[in-house]
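What follows is each chain in one-letter form.
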Amino acid sequence: MTGPSYSVAEIAKRFGLELRGDGDTVISSVATLARAGAGQLAFLANPRYRSQLAESAASAVVMRADDAQGHSGTALVAADPYVAFAKVAALFDPPPPLQPGIHASAVVDPSARIDPQAQVGPFASIGARSRIAAGVVVGPGCVIGEDCEIGEGSVLVARVTLVRRVRLGKRVLIHPGAVLGADGFGLAMDAGRWIKVPQQGGVVVGDDCEIGANTTIDRGAIEDTVLGEDVRLDNQIQIGHNVRIGAHTAMAGCAAVAGSATIGSHCLVGGAAGILGHLEICDRVMITAMSLVTHSIREPGEYSSGIPLMPNREWRRNAARFRQLDTLARRVNAREKTPRDKED
Amino acid sequence: MTGPSYSVAEIAKRFGLELRGDGDTVISSVATLARAGAGQLAFLANPRYRSQLAESAASAVVMRADDAQGHSGTALVAADPYVAFAKVAALFDPPPPLQPGIHASAVVDPSARIDPQAQVGPFASIGARSRIAAGVVVGPGCVIGEDCEIGEGSVLVARVTLVRRVRLGKRVLIHPGAVLGADGFGLAMDAGRWIKVPQQGGVVVGDDCEIGANTTIDRGAIEDTVLGEDVRLDNQIQIGHNVRIGAHTAMAGCAAVAGSATIGSHCLVGGAAGILGHLEICDRVMITAMSLVTHSIREPGEYSSGIPLMPNREWRRNAARFRQLDTLARRVNAREKTPRDKED
Amino acid sequence: MTGPSYSVAEIAKRFGLELRGDGDTVISSVATLARAGAGQLAFLANPRYRSQLAESAASAVVMRADDAQGHSGTALVAADPYVAFAKVAALFDPPPPLQPGIHASAVVDPSARIDPQAQVGPFASIGARSRIAAGVVVGPGCVIGEDCEIGEGSVLVARVTLVRRVRLGKRVLIHPGAVLGADGFGLAMDAGRWIKVPQQGGVVVGDDCEIGANTTIDRGAIEDTVLGEDVRLDNQIQIGHNVRIGAHTAMAGCAAVAGSATIGSHCLVGGAAGILGHLEICDRVMITAMSLVTHSIREPGEYSSGIPLMPNREWRRNAARFRQLDTLARRVNAREKTPRDKED
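Below is a summary of the structure that appears in this document. None of the values given here were measured: they were computed from a predicted structure.

## Details of the overall build of chain A
Scanning chain A from N- to C-terminus turns up five helices and 40 strands. Projected onto its principal axes, the C-alpha coordinates of chain A cover approximately 90 × 65 × 35 Å. Taken over 344 residues, chain A has a buried fraction of 58%. Accessible surface, chain A: about 13400 Å² in total, of which carbon and sulfur atoms supply 50%. Put simply, chain A has 35 plus and 36 minus side-chain charges, and the middle of one group is 7 Å from the middle of the other.

## Brief notes about the sheet that holds strand S25 (residues 210-211) of chain C
Think of a sheet as strands paired side by side through backbone hydrogen bonds, with each pair either parallel or antiparallel. Reading across the sheet, the twelve strands line up as S40(A)-S39(C)-S37(C)-S34(C)-S31(C)-S28(C)-S25(C)-S20(C)-S17(C)-S14(C)-S11(C)-S8(C) and stay open at both edges, with mixed pairing between neighbours. Edge positions in the sheet fall to strand S40 (310-311) of chain A together with strand S8 (101-102) of chain C, since each has one partner strand and no second. Judged from the two bridges that link them, S8 of chain C and strand S11 (residues 119-120) of chain C form a sheet pairing that is parallel. Its bridge partner lying in S11 of chain C, Ile102 of chain C is registered against Val120 of chain C.

## Topic: unusual backbone geometry
The residue Asp147 of chain A is not glycine, and still its phi comes out positive at about 60°. Following the sequence through the fold, Asp147 of chain A ends up in the loop between strand S15 (143-146) and strand S16 (149-150). Phi is positive for His248 of chain C, which is not a glycine, with a value near 65°. One can find His248 of chain C in the loop between strand S30 (244-245) and strand S31 (250-251).

## Looking at the pattern of salt bridges
Per the stated rule, a full pass over the model turns up 63 salt bridges over all chains. Its salt-bridge partner being Glu223 of chain B, residue Arg35 of chain C comes within 3.5 Å of it at the nearest N-O pair. Of this pair, Arg35 of chain C sits in the loop between strand S4 (29-30) and strand S5 (40-43) while Glu223 of chain B is found in the loop between strand S26 (216-218) and strand S27 (225-227), placing the two residues in two different chains. It is possible to trace a salt-bridge network through shared partners that takes in Asp183, Lys196 and Arg219 of chain A together with Glu210, Asp230 and Arg232 of chain B.

## Some words on the interface of chain A and chain B
Counting residues at the interface gives 83 residues for chain A, matched by 74 residues for chain B. Of the roughly 6600 Å² buried at the junction of chain A and chain B (both faces included), carbon and sulfur atoms supply 58%. Where chain A packs against chain B, one counts eight salt bridges. The partner of Lys87 of chain B in a salt bridge is Asp190 of chain A, and the shortest N-O contact between them spans 2.9 Å. Summed over the shared surface of chain A and chain B, the number is 34 residue pairs in polar contact (both at pLDDT 80 or more). Looking at which element gives the most residues to the side of chain A that touches chain B, the answer is helix H4 (residues 312-322) of chain A, with seven residues. For the side of chain A that touches chain B, the per-class residue count stands at 40 nonpolar, 25 polar and 18 charged. The sheet contact formed by strand S39 (residues 301-304) of chain A and strand S40 (residues 310-311) of chain B spans two bridges and is antiparallel. Bridge pairing in S40 of chain B links Ser304 of chain A to Met310 of chain B.

## Focus on the packing of aromatic side chains
Residues and elements named next belong to chain C. Inspection of the entire model under this criterion finds twelve aromatic pairs over all chains. Centre to centre, the rings of Phe43 and Tyr82 are 5.6 Å apart; their planes meet at 35°, and the pair counts as tilted. Highlighted residues: Phe43 in strand S5 and Tyr82 in helix H3 (residues 81-91), separated in sequence by 39 residues. Classification of Tyr82 as partly exposed rests on a relative accessible area of 27%.

## Things to note about the interface of chain A and chain C
Opposite the 74 residues of chain A that make contact, chain C presents 83 residues. Both faces combined, the contact of chain A with chain C buries some 6500 Å², and carbon together with sulfur accounts for 58% of it. Between the two partners, chain A and chain C, sit eight salt bridges. With a closest N to O distance of 2.8 Å, Glu210 of chain A and Lys196 of chain C form a salt bridge. Inspection of the region where chain A meets chain C yields 33 residue pairs in polar contact (both at pLDDT 80 or more). Where the side of chain A that touches chain C is concerned, the elements lending two or more residues are helix H3 (81-91), strand S28 (232-233), strand S31 (250-251), S40, H4 and helix H5 (325-337) of chain A. Residues of the side of chain A that touches chain C, tallied by class, amount to 40 nonpolar, 14 polar and 20 charged.

Rules of the game
Residues numbered from 1 in each chain as written. Chains lettered and ligands numbered in written order. Predicted model: local features only at pLDDT ≥ 70, side-chain atom pairs only at ≥ 80, totals over all residues. Heavy atoms only, no water. Helix = DSSP H or I, 4+ residues; strand = E, 2+ residues; numbered from the N terminus. Buried < 20%, exposed > 50% of the residue type's maximum accessible area, 1.4 Å probe, protein only. Areas by Shrake-Rupley, 256 points an atom, 1.4 Å probe, with all protein chains shown as cover. Lys, Arg positive; Asp, Glu negative; His and termini not counted. Charge placed at Lys NZ, Arg CZ, Asp CG, Glu CD. Pairing = 2+ DSSP bridges. Salt bridge = Lys/Arg side-chain N within 4 Å of Asp/Glu carboxyl O. Contact = heavy atoms within 4.5 Å. Buried area = accessible area lost by both parts, 1.4 Å probe. Polar contact = N/O pair within 3.5 Å; in protein donor to acceptor, adjacent residues only side chain to side chain. Nonpolar A, V, L, I, M, F, W, Y, C, P; charged D, E, K, R; others polar. Phe/Tyr/Trp six-rings, centres within 6.5 Å; stacked < 30°, edge-to-face > 60°.

Have a look at this one:
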């Protein structure tokens, strides 16, 4: 495969970057600083890789102005090199061209409406009354149930399931194995047996969201489960019924949000973190990896729980003492309450 | 779509609820107290929503007798309003009508036996010697391997995999992406390399179980992995080989049970909780979210581990002290062992 | 189904085990010590099951020499009975015979190359330029994207997705629902909105790896995500982009590794353990279940974090004190710094 190529000057112009060095150099792909060679563009954002700059064989490097001082090679100067690199790299990774039409093997309910400019892949099945807009890709093996809507330009890579009443905005990207709109976990105990609480809501996903592989987002019990625009969910995340997630919030892999929690905008949730049900988290909260959010959060900032890693032998000694922590504190308190000058 | 509708009097009679107010009011759907309008039924179970009752525009509300005191609208009085609501709501959410027959695209092994009253969807594949009873729905994209049995009225929503030797009881409901009967994780280290321990058992699932999206239940190594009746598993749960789970136990999303653990009946396992292998947990144990069960549990009750959430700065200070906890305790002990009246 | 059968003498000879007792006994399956009957082989590896030996009705038992002392039944003596059992059990669990050829329903890109000795199941789809070697099984519902390679003898059980640029070595076994090669989670914040960092690398999986059900392994951002040979991943594991895992490392269910972490060879990662991004872990490290690895590890050994389980009431008291731990330690320090002999 031969991909696209651009001169450094063209790249600088297209993305409003300052060019230092040879603008005629042609770039045809991106690479890391350490491994880049001729025709490749790299970037320097993290200061810990600065030492790699001098020895890099990259034809051009995106970097900050201060890093470009004294650099002898070709540089593209950016205030945020990672952002600039992301934009430039996209030039060399064009999406596969849309192939509009419905694959012969796909099964489409007669009441579904599929735009002629949508692409429906092999072994896809589309349920009653679902609507698919122009520019949408429904990849191989996807199952779209009843009453779903997929907005313009959205891509379901492969084997994605939208169970029922799932509405996706525009340019939503969903990776394989994700399941949206399965029943929420609603149970009531009735004379020693569970009875299922019907789950009748849907899932609403805003524009520009990305949903990772094998992530699950349950439908609401009565109302909908809602993701605002530009929400980014990594792989294997679980979102319970009736959860609401604000715009531009991102969650790392294996995070889990229990039912009816409300999460603000511009939050960052670390990997494998958990959020209990019915809590409210305000905007701009950051939760570190594997923390459990046990109460609502009203103030922006960074929050944590858990215990740092240590050698197992040391951990055993300390963990055993944790069971005595309350007693220990009481003993220290008691001792302090007996003033020393009265002891004698 | 026009769904079913019922008068409040009919609903009261059908479910044995006490009617207060206008029995002729017609209900055609359910809603939350806050958003319900004309023709909608809501419920009040959690006291924290009591303040919403006065302003609710619901045509009728399911509630306890004491909440109904002084309520001016139409009430259906129940000892457990949530249970009553669950039953009533099901009236308005009838399952899609069964469409018996095998979709033309499905691939069925000649030795499989499929009841004429079962429904097998598009792109389903059914392996050798598997048997599917009346009233079963095998949704689109399901893979049923060899030697499986699916009991009457069970529903595999879509893209469910039963790998091999999986036996489901009656009325089992399995959500998309679930995988039952994959090999357990059995390895033996032989001269620096892993060798696979053959996994030859199956999975047995009791009547009325529900299994969430992307949940995995491995087949036993030699004997079977077993779920009792009415076990309820949320999404993304992992059940290792040879695990046994007692009747009416429920687990929230992302819980994980390692191989050969035995869990009693009527247990509640919180989200993302973990249970180590070969442990035994008695009946009526409740494990809070994200706890790790590190030893067998012989007494019913609630169990926890972990650390509550706090601001990161505060957490860092305390977590650093955890590493010194044993030393701290020893120092306090030492000090106490020197009686003060002998110090002088 | 009638499976294969072997005399105990044949088994002893084939695997180099010492035979004690009746070599003519015929074995046709394996079972646990407790439940084995005539014609069945069991094993005794864990001393806690020793008491079951005397009463076992197994026709033969694999055990250590010291356990065989005084045992009246037929024994196969092995230095490591579990390893020996694993090998013997495989005799009775032969893989289903390969059925070479491409199922009529499969969709194969014209540019893909599929060895005539490979088996491609129903509803599989194979993308452009992908290559599938002899002896490979691509089970029902698998999606193989563009530019993938699957080495000789590898088995994708069912509904496995290789998104793009995924290269599997020989004899790799992948269970249903696994997704390899989905985009890594690469985002840059640009004026309040996320922009996606293109993910252009691939996934490389060494020979003899096993990958569990619903496990996800993301493609690298620029370079590849790499698993060495004989890496064993259980179910529901998440491996971020650019992670490198050394040979013979095994991870239990629900473990998660964030992007760009490097893990050595012969490591054991417990269930639901997490490893933060960009860390380095040396060879022969063992991480206990549900621990969070918060820093690089340079020394082999066992590492842990977390808090052991306790009754909730007790846990609440101790956990509340955790928030005061730093203060408590300071108070103890302060008290110790005032020498008692100067107090008076």
